[in-house]
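Residues per chain are reported as follows:
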4 protein chains.
Amino acid sequence: MTDLAIVGATGYGGVELIRLLKDHPGVRLAFLSSETYAGQRVCDVYPHLDGVETPLRALDTAVVGESDFALLALPAGKSMEVVPKLLDAGTRVVDVSPDFRLRDPALYPRWYKFEHTHPELLQEAVFGIPELRRERIASARLIAAPGCYTTGVLLALAPLLADGLIAPADIIVDGKTGLSGAGRTALTLGYHYPEADEDVAAYAVGGHRHMPEMVQELSSLTGSEVRITFTPHLVPMTRGILLTIYLDSLAGAGVDDLRSSLQRRYADEPFVRVLPEGRWPHTKWVAGTNFCFLAVGVDDATDRAIIVAAVDNLGKGMAGQMVQCLNLMLGTEETSALRTPAIYP
Amino acid sequence: MTDLAIVGATGYGGVELIRLLKDHPGVRLAFLSSETYAGQRVCDVYPHLDGVETPLRALDTAVVGESDFALLALPAGKSMEVVPKLLDAGTRVVDVSPDFRLRDPALYPRWYKFEHTHPELLQEAVFGIPELRRERIASARLIAAPGCYTTGVLLALAPLLADGLIAPADIIVDGKTGLSGAGRTALTLGYHYPEADEDVAAYAVGGHRHMPEMVQELSSLTGSEVRITFTPHLVPMTRGILLTIYLDSLAGAGVDDLRSSLQRRYADEPFVRVLPEGRWPHTKWVAGTNFCFLAVGVDDATDRAIIVAAVDNLGKGMAGQMVQCLNLMLGTEETSALRTPAIYP
Amino acid sequence: MTDLAIVGATGYGGVELIRLLKDHPGVRLAFLSSETYAGQRVCDVYPHLDGVETPLRALDTAVVGESDFALLALPAGKSMEVVPKLLDAGTRVVDVSPDFRLRDPALYPRWYKFEHTHPELLQEAVFGIPELRRERIASARLIAAPGCYTTGVLLALAPLLADGLIAPADIIVDGKTGLSGAGRTALTLGYHYPEADEDVAAYAVGGHRHMPEMVQELSSLTGSEVRITFTPHLVPMTRGILLTIYLDSLAGAGVDDLRSSLQRRYADEPFVRVLPEGRWPHTKWVAGTNFCFLAVGVDDATDRAIIVAAVDNLGKGMAGQMVQCLNLMLGTEETSALRTPAIYP
Amino acid sequence: MTDLAIVGATGYGGVELIRLLKDHPGVRLAFLSSETYAGQRVCDVYPHLDGVETPLRALDTAVVGESDFALLALPAGKSMEVVPKLLDAGTRVVDVSPDFRLRDPALYPRWYKFEHTHPELLQEAVFGIPELRRERIASARLIAAPGCYTTGVLLALAPLLADGLIAPADIIVDGKTGLSGAGRTALTLGYHYPEADEDVAAYAVGGHRHMPEMVQELSSLTGSEVRITFTPHLVPMTRGILLTIYLDSLAGAGVDDLRSSLQRRYADEPFVRVLPEGRWPHTKWVAGTNFCFLAVGVDDATDRAIIVAAVDNLGKGMAGQMVQCLNLMLGTEETSALRTPAIYP
């Protein structure tokens, strides 16, 4: 059994990590940090996590550093300070904050309003989508697990760009997200039930902070100069993200070529499914799971290609993917602790 | 008091018409048709319509023809048979079915799977968006009130195309709709609560039947050859439509030019509001109303313009707009029976 | 036109008051107070209140005192300080806080954790349910409009107790409320969308602070010594309260006797409806209205009577009832500004 | 590996059984019946059940009879015909229909509108709540798994009645259920999203068909003559049941005595948790699980005891409990396939 620390264990991402890892065959939850609930046991704070009697403790990097692995679910700007100490202690880290996702340190002040204090780690950190960088993840010290929308966009587009089937500079992503992406700590009016219920609205129009990591990774993976218009929307549900992606096909590539490209690429993947013609993914299919469903169509009137992707923002979009990365780093079965199907309905 | 018939009075559109018209100062609800509930009084079927003791009757065109005006909320293919008889009887008609929206009869077999039996009326019918054809509506015999998405798209784009600010052939419309658009009669699994709750999905990808009317009207209003990619999505709420529209600006037109164009056009309109920079509409703002909110932005990374529009699919997207047309035809105050603000929260 | 002030105009109750009163024929919104949004216009804060260009101002009792009437939607403990000044200035007040509902000042420290500073007004304040105290309301200086659950309980039980049909000391009220009752100011985790969505839970079990006012009023209205077990629950919706009330009938009173008692009492009431046998109220029927629906049944196995009541917590449970009281005080039509039916679906 | 058949595999109960049993260590899904989807594979009908490639087949009792165990999720009246054939073939059965729950055949015509054709099996069938009849379940041929509300009521009350702490003839149960209890086959207006959303209503007031089995079992388990008033309500969510139970304590039993009774009884149970004073269960804590949470309080004003119970109607209220029974019958670990915590939030 490998000792594992979860830092930020009582936010939605942390709780989902505990839910998944509670009975993981190769891992022991050695340290669970929470500033809010320090001193209490997990099962007392969250009765649904029955049997997890581990006490919650305030973050102590020295103690975390005794674990072989640490999963970090901290707000932007916090991981940056914690990660270097853990790496120094020999702890391998999967970090789901944005702090090590961007390679260019100049992007941090612009998109996240802080100067990066450890830019040397930005080159080392491996962007944590196993389907796209499995080998590098397996041997990495530091994984920067991607933002909630980015996983869907990269899984949908990386193969098509690599195969030269779509125009890289003319990509539109219209995202719809459930409300758990807001987290549990900073309560704001927009997530107050009476405000969010029975409402749909766009936000961060014209410049969402996850766009730069999408562009960076797609450009890096495929060598294309990618440009993306990304508009996210809040929809009244708790979990799930649906991405509707509008594309210009290149050089006579038809909808079947696009679908084939994705099917080929993901044929052996345990967590990515490409739907047959005429079927479109539902976010309900992925609730609580590490799956990504993809479907490809074409608009008859304009010949524009349309791809729809569904992931759970707390699953493949967060905790599920972190566990998948951890499994690769452990050298254990990649699907360990990730096999339970979606709760349905 | 003018005698008015509502045909299809117990569907969601019909009930909304009764709610709005119940206390209209110039109208008497003379005839309310319902096949399902014929023989019962409205207030017995729908207790919330307290005081509406009018008996529901099966459709009888001869009796409807005694009314001065008829509002029709019938399924596609049904209005086509009823409308000619009413017009012959001298009754002026506002029809919210698609049966008289398309000018080209050849589009009906393709998109609605029926041959049109009265193509001669397709040229006469006036497309019923008062902001775009106020004078013609006032004097018309037959109004074809538009589909639920079309109103938002036309209000957002007609001024911009007329002012030559956007590329007509490169328009993408991503729509999100609440579930009351499905109506109340044909119960299907997709609208069964446990299936629709906590779910988002695209439907009719690549060819929704409301796209042709959008293209027809925008082309007709502006003389441009318009092409639209339109993808609708179901979101788990009852009322409201949000449209996110992606555009290529023309000839150096900036976001301020686009916003100004809309503000100019709708400055004196009672039901269209253009939001200031940085503010984006919520569907909650229009629940139960005849309002349309519009906002304009630009994507910094790609210079693509983005317009977001919100309407209530049963309000400005259906019953509200029918009442607005009726008011124009009556020559009464255009806002009669339409002044109650949105229920909020 | 009578000048009216709304104090606490930008909470959910205040916004509902503006929605209802915006076009009231006898009232001018002279002063709208808001600490949070002072300096802005209503329509800028709440775009759905289009046309309400009144500026919001911080509370100034001297200015409020210039209005003939004031509607107060302030938190518990705040009204107590404001009301005496307004009464001194000759302003008649409808207050929806609990501050003047209880006659016994000793109950305030126990249930609301404050000492009452103006106990002399507790005897004068009229409990504001028009169906039960219409004449006194019409001539009152100070109305204490009841809590959101209390209205339903009193409307359901006052006639039955007065007619001696039910045991006064053996009443159980199981309440289910939508989440707008929490208000808009104090954001707490329990009302954070991801926590409240897809969840039902009881709260304040064994002692909700609205119970004493139910007991006081029922005892006062009927001379019985009333005892109530009241358990409220949160359900995932925005508006509406459903009350399920379990009763022991007295002296052979059957379900028909109970229903007749209610029907007799409310036969001429514009806002209370007693449903026929076998029909049960839905909260959806009252959304946005001042209606209360009541239904009576009996449990075959135990002969226990069951009454179900539905009101909108922001309508008859708050702003609607305040407007109804105001109409009585103004001597205008009691249903003014309250005639719009529920939004449905 | 034991061969297992699921009959009625594509309803909500059936799908939940597949979700749970897919990776059960001791069971092979040998036969999955579905009339609607016969001929398709499970994973094609339900993409979220990825990897379950078993073909669905129309029900064939001869083939089902080849399995060692059969789990039946059929509508009322259907199981009655199937079960005897399976028992004859030597297949042990867990049936979740009401067909074998009631011991008195005379109750079937009254509550379910059919004559029972195999009354001889009513005495043999074991009522399937493991916490209450563990040994009998382990050796049974036929388990009648209880209705969705009954599990919560029995777990809450059986210990208290057995310990003589509460009055058996004065029990009130107020139930709140999510909408998946309606199943997936018979689409009715009450479960149509726009009707059910933002609504709460009571149903089956005065006589729900699950009341007789509650009374039968509590009377049988405790020797008391039990009488229950049971009123269920629909709330707008998909999964979960909350029961609020009002009781008269006997002979000076206080709230601590009641809580202690439950704690003692369930101290070693893997799936029942009794909350400490002041904490009340949320349905969200049990979503997708086999847990039941119980809490006990007292109403200060009336000394009435209040118990709140939460279960997932498709978990401990259906599929979870069936699997728990199956585990007992198999002699395997009772918690096999039931250890995944609730999905949260």
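What you see is a predicted model, and the numbers here were worked out from it, not measured in a lab.

**Details of the overall build of chain A**
Each helix and strand in chain A was counted, giving 11 helices and 14 strands. Relative to its length of 345 residues, chain A is compact, with a C-alpha radius of gyration of 20 Å against a globular reference of 20 Å. Along the first, second and third principal axes, the C-alpha set of chain A runs to 60 × 45 × 40 Å. Here chain A holds 345 residues, and the buried ones make up 66% of them. Summarising the internal contacts of chain A: among those between residues at least 6 apart in sequence, 68% fall at separations of at least 24. For chain A, the exposed area adds up to about 10700 Å²; of that, 48% sits on carbon and sulfur atoms.

**What to know about the relation of the copies chain D and chain C**
Rotating chain D by 180° and translating it 0.0 Å along the rotation axis places it on chain C, where the RMSD comes to 0.0 Å. A rotation of that kind, with that shift, is consistent with a two-fold axis. An overlap of 100% is found between the interface residues of chain D and their copies at the interface of chain C, pointing to a shared contact surface.

**Some thoughts on the interface of chain A and chain B**
Chain A puts 47 residues into the contact, and the matching count from chain B is 47 residues. Of the roughly 3900 Å² buried where chain A meets chain B, counting both sides, 53% is carbon and sulfur surface. At the junction of chain A with chain B, the criterion picks out four salt bridges. Linking chain A to chain B there are 38 residue pairs in polar contact (both at pLDDT 80 or more). Those elements that provide at least two residues to the side of chain A that touches chain B are β8 (171–177), α8 (193–196), β9 (201–202), β10 (228–234), β11 (241–247) and β14 (305–311) of chain A. Among the residues making up the side of chain A that touches chain B, the classes are represented as 24 nonpolar, 10 polar and 13 charged.

**A few points about the sheet that holds strand β13 (residues 292–298) of chain D**
What the seven strands build is an open sheet, ordered β9-β10-β8-β11-β14-β13-β12 (chain D); its pairing is mixed. The open sheet is flanked by β9 (201–202) and β12 (272–274) of chain D, the only strands paired with a single partner.

**A word on the sheet that holds strand β4 (residues 69–72) of chain B**
All names here are of chain B. On the basis of which strands lie adjacent, the open sheet formed by seven strands has the order β3-β2-β1-β4-β5-β7-β6 and parallel pairing. Since the sheet does not close on itself, it has two edges, and those belong to β3 (56–57) and β6 (126–127), each with one partner. Across the sheet, helix α1 (residues 12–21) is in contact with β1 (2–7), β2 (27–33) and β4; its angle to β1 comes to roughly 155°. Here helix α4 (residues 79–88) sits on the sheet in contact with β4, β5 (92–95) and β7 (142–144), set at roughly 175° to β4.

**Structural notes on the pattern of salt bridges**
Tallied over the full model, the rule gives 84 salt bridges over all chains. Glu-195 of chain A is the partner of Arg-184 of chain C in a salt bridge, and the nearest nitrogen-oxygen pair spans 3.0 Å. Of this pair, Arg-184 of chain C sits in the loop between β8 (171–177) and α8 (193–196) while Glu-195 of chain A sits in helix α8, on two different chains. Like Arg-184 of chain C, the residue Glu-195 of chain A is buried in the burial classification. The salt bridge involving Lys-22 of chain D is made with Asp-23 of chain D; its shortest N-O contact spans 3.4 Å. Here Lys-22 of chain D falls in the partly exposed class, since its relative accessible area comes to 24%. Put simply, Glu-16, Arg-19, Arg-239 and Asp-312 of chain A are held in one network by salt bridges that share partners.

**Observations regarding the interface of chain D and chain C**
The partner chain C presents 47 residues to the 47 residues of chain D that form the contact. Here chain D and chain C share four salt bridges between them. A salt bridge links Asp-170 of chain D to Arg-304 of chain C, with the nearest nitrogen and oxygen atoms 2.1 Å apart. Looking at the side of chain D that touches chain C, the elements with two or more residues in it are β8 (171–177), α9 (193–196), β9, β10 (228–234), β11 (241–247) and β14 (305–311) of chain D.

**Some points on the relation of the copies chain A and chain B**
Superposition record for chain A on chain B: RMSD 0.0 Å, screw rotation 180°, translation along axis 0.0 Å. A share of 100% of the interface residues of chain A reappears at the interface of chain B, consistent with the copies meeting face to face through the same patch.

**Remarks on the packing of helix α8 (residues 148–162) of chain B against helix α11 (residues 255–266) of chain B**
All names here are of chain B. Orientation of α8 relative to α11, taken along the N-to-C sense of each, is 105°, at an axis distance of 9 Å. Here α8 lies roughly perpendicular to α11, going by the angle between them. In this structure, α8 uses Leu-154, Leu-155, Ala-156, Pro-159 and Leu-160 to contact α11, whose residues at the interface are Leu-258, Ser-261, Leu-262, Arg-265 and Tyr-266. The residue makeup of the contact of α8 with α11, split by class, is eight nonpolar, one polar and one charged.

**Considerations on the packing of aromatic side chains**
Across all of its chains, the model carries 38 aromatic pairs over all chains by this definition. Ring centres of Tyr-108 of chain B and Phe-114 of chain B lie 5.5 Å apart, and the angle between their planes is 25°; this geometry places the pair in the stacked category. Each member of the pair, Tyr-108 of chain B as well as Phe-114 of chain B, carries the same accessibility label: buried. Residues Tyr-108 of chain C and Tyr-112 of chain C carry aromatic rings whose centres are separated by 5.8 Å and whose planes lie at 35° to one another, so their mutual orientation is tilted. Separated by four residues within a single helix, Tyr-108 of chain C and Tyr-112 of chain C lie in helix α5 (residues 107–112), roughly one turn from each other. Note on accessibility: Tyr-108 of chain C and Tyr-112 of chain C belong to one class, buried.

**Details of the environment of Ala-204 of chain C**
Mapped onto the fold, Ala-204 of chain C is located in the loop between β9 (201–202) and α9 (211–222). Sequence separation between Ala-204 of chain C and Thr-231 of chain C is 27 residues; the distance between their C-alpha atoms is 7.0 Å.

**Some words on the domain arrangement of chain A**
All names here are of chain A. For chain A, the assigned domains read domain 1 (2–124) and domain 2 (149–313). The gap between the C-alpha centroids of domain 1 and domain 2 is 27 Å. Contacts between domain 1 and domain 2 engage 12 residues on the former and 13 residues on the latter. The contact between domain 1 and domain 2 buries some 1200 Å² in all, and 50% of this surface belongs to carbon and sulfur atoms. Its largest share of buried area at the contact with domain 2, domain 1 owes to Tyr-12, Arg-101 and Trp-111, together 47% of the area lost on that side. Our count for the domain 1 to domain 2 interface comes out at two salt bridges. Counting the contacts that link domain 1 with domain 2 gives eight residue pairs in polar contact (both at pLDDT 80 or more). At three residues, helix α1 (residues 12–21) tops the list of elements feeding residues into the side of domain 1 that touches domain 2. Residue classes in the side of domain 1 that touches domain 2 are distributed as six nonpolar, one polar and five charged.

**Some points on the confidence of the model for chain A**
Of all residues in chain A, 100% attain a pLDDT of 70 or more, and the chain-wide mean is 97. Quick note on the complex model: pTM equals 0.97, ipTM equals 0.97.

**Describing the side chain of Gln-216 of chain A**
All names here are of chain A. Structurally, the position occupied by Gln-216 is in helix α9 (residues 211–222). Within the local environment of Gln-216, its side chain forms a polar contact with the backbone oxygen of Arg-101, the two atoms lying 2.7 Å apart. Not counting chain neighbours up to four residues away, the residues in contact with Gln-216 comprise Arg-101, Leu-102, Arg-103, Asp-104 and Phe-127.

**Some details on unusual backbone geometry**
Residue Pro-345 of chain A is reached from Tyr-344 of chain A by a cis peptide bond, and omega for that bond is 5°. The residue Pro-345 of chain A is located in the segment after α11 (315–330) in this model. One non-glycine residue, Ala-337 of chain B, lies in the positive phi region at around 70°.

**Looking at the pairing of β10 of chain D**
Residues and elements named next belong to chain D. Counting buried positions along β10 yields seven of seven residues, so the element is predominantly enclosed. Here β10 shows two buried faces, one formed by Ile-228, Phe-230, Pro-232 and Leu-234 and the other by Thr-229, Thr-231 and His-233. Two strands pair when backbone bridges link them, and β8 and β10 are joined in this way by seven bridges, in the parallel orientation. Following the sheet pairing, Ile-172 is matched in β10 by Thr-229. Direction of pairing for β9 relative to β10: antiparallel, over a ladder of two bridges. By the bridge assignment for β10, Ala-202 is matched with His-233.

**What to know about helix α11 (residues 255–266) of chain D**
Count 3.6 residues to each turn of an α-helix, and residues three or four apart come out pointing the same way. Residue and element names in this part refer to chain D. With 12 residues, α11 should reach 16 Å at 1.5 Å per residue; the first-to-last C-alpha distance of 17 Å fits that figure. Of the residues making up α11, those classed as buried are Leu-258, Arg-259, Ser-261, Leu-262 and Tyr-266. Projected down its long axis, α11 shows its buried positions confined to an angular sector of 155°, all on one face. Each element contacted by the buried residues of α11 is listed here: α7 (130–139), α8 (148–162), β12, β13 and β14.

**So, the state of the cysteines**
A covalent bond bridging the sulfur atoms of two cysteines is what the word disulfide describes. Across all of its chains, the model carries zero disulfides over all chains by this definition. Considering cysteine sulfurs only, Cys-292 of chain A is the nearest to Cys-148 of chain A, which forms no disulfide, with 13 Å between them.

Conventions we followed
- Residues numbered from 1 in each chain as written.
- Chains lettered and ligands numbered in written order.
- Predicted model: local features only at pLDDT ≥ 70, side-chain atom pairs only at ≥ 80, totals over all residues.
- Heavy atoms only, no water.
- Helix = DSSP H or I, 4+ residues; strand = E, 2+ residues; numbered from the N terminus.
- Rg over C-alpha atoms; globule rule 2.2 N^0.38 Å.
- Buried < 20%, exposed > 50% of the residue type's maximum accessible area, 1.4 Å probe, protein only.
- Contact = heavy atoms within 4.5 Å.
- Areas by Shrake-Rupley, 256 points an atom, 1.4 Å probe, with all protein chains shown as cover.
- Least-squares fit on C-alpha atoms with pLDDT ≥ 70 in both.
- Buried area = accessible area lost by both parts, 1.4 Å probe.
- Salt bridge = Lys/Arg side-chain N within 4 Å of Asp/Glu carboxyl O.
- Polar contact = N/O pair within 3.5 Å; in protein donor to acceptor, adjacent residues only side chain to side chain.
- Nonpolar A, V, L, I, M, F, W, Y, C, P; charged D, E, K, R; others polar.
- Pairing = 2+ DSSP bridges.
- Axes fitted to C-alpha atoms, helices over the stretch in contact; angles between N-to-C directions.
- Parallel < 35°, antiparallel > 145°, perpendicular 65-115°, else oblique.
- Phe/Tyr/Trp six-rings, centres within 6.5 Å; stacked < 30°, edge-to-face > 60°.
- Domains from an automatic or database assignment.
- pLDDT = per-residue confidence, 0-100.
- Expected span 1.5 Å × (residues − 1).
- Arc of directions from axis to C-beta.
- Disulfide = S-S within 2.5 Å.

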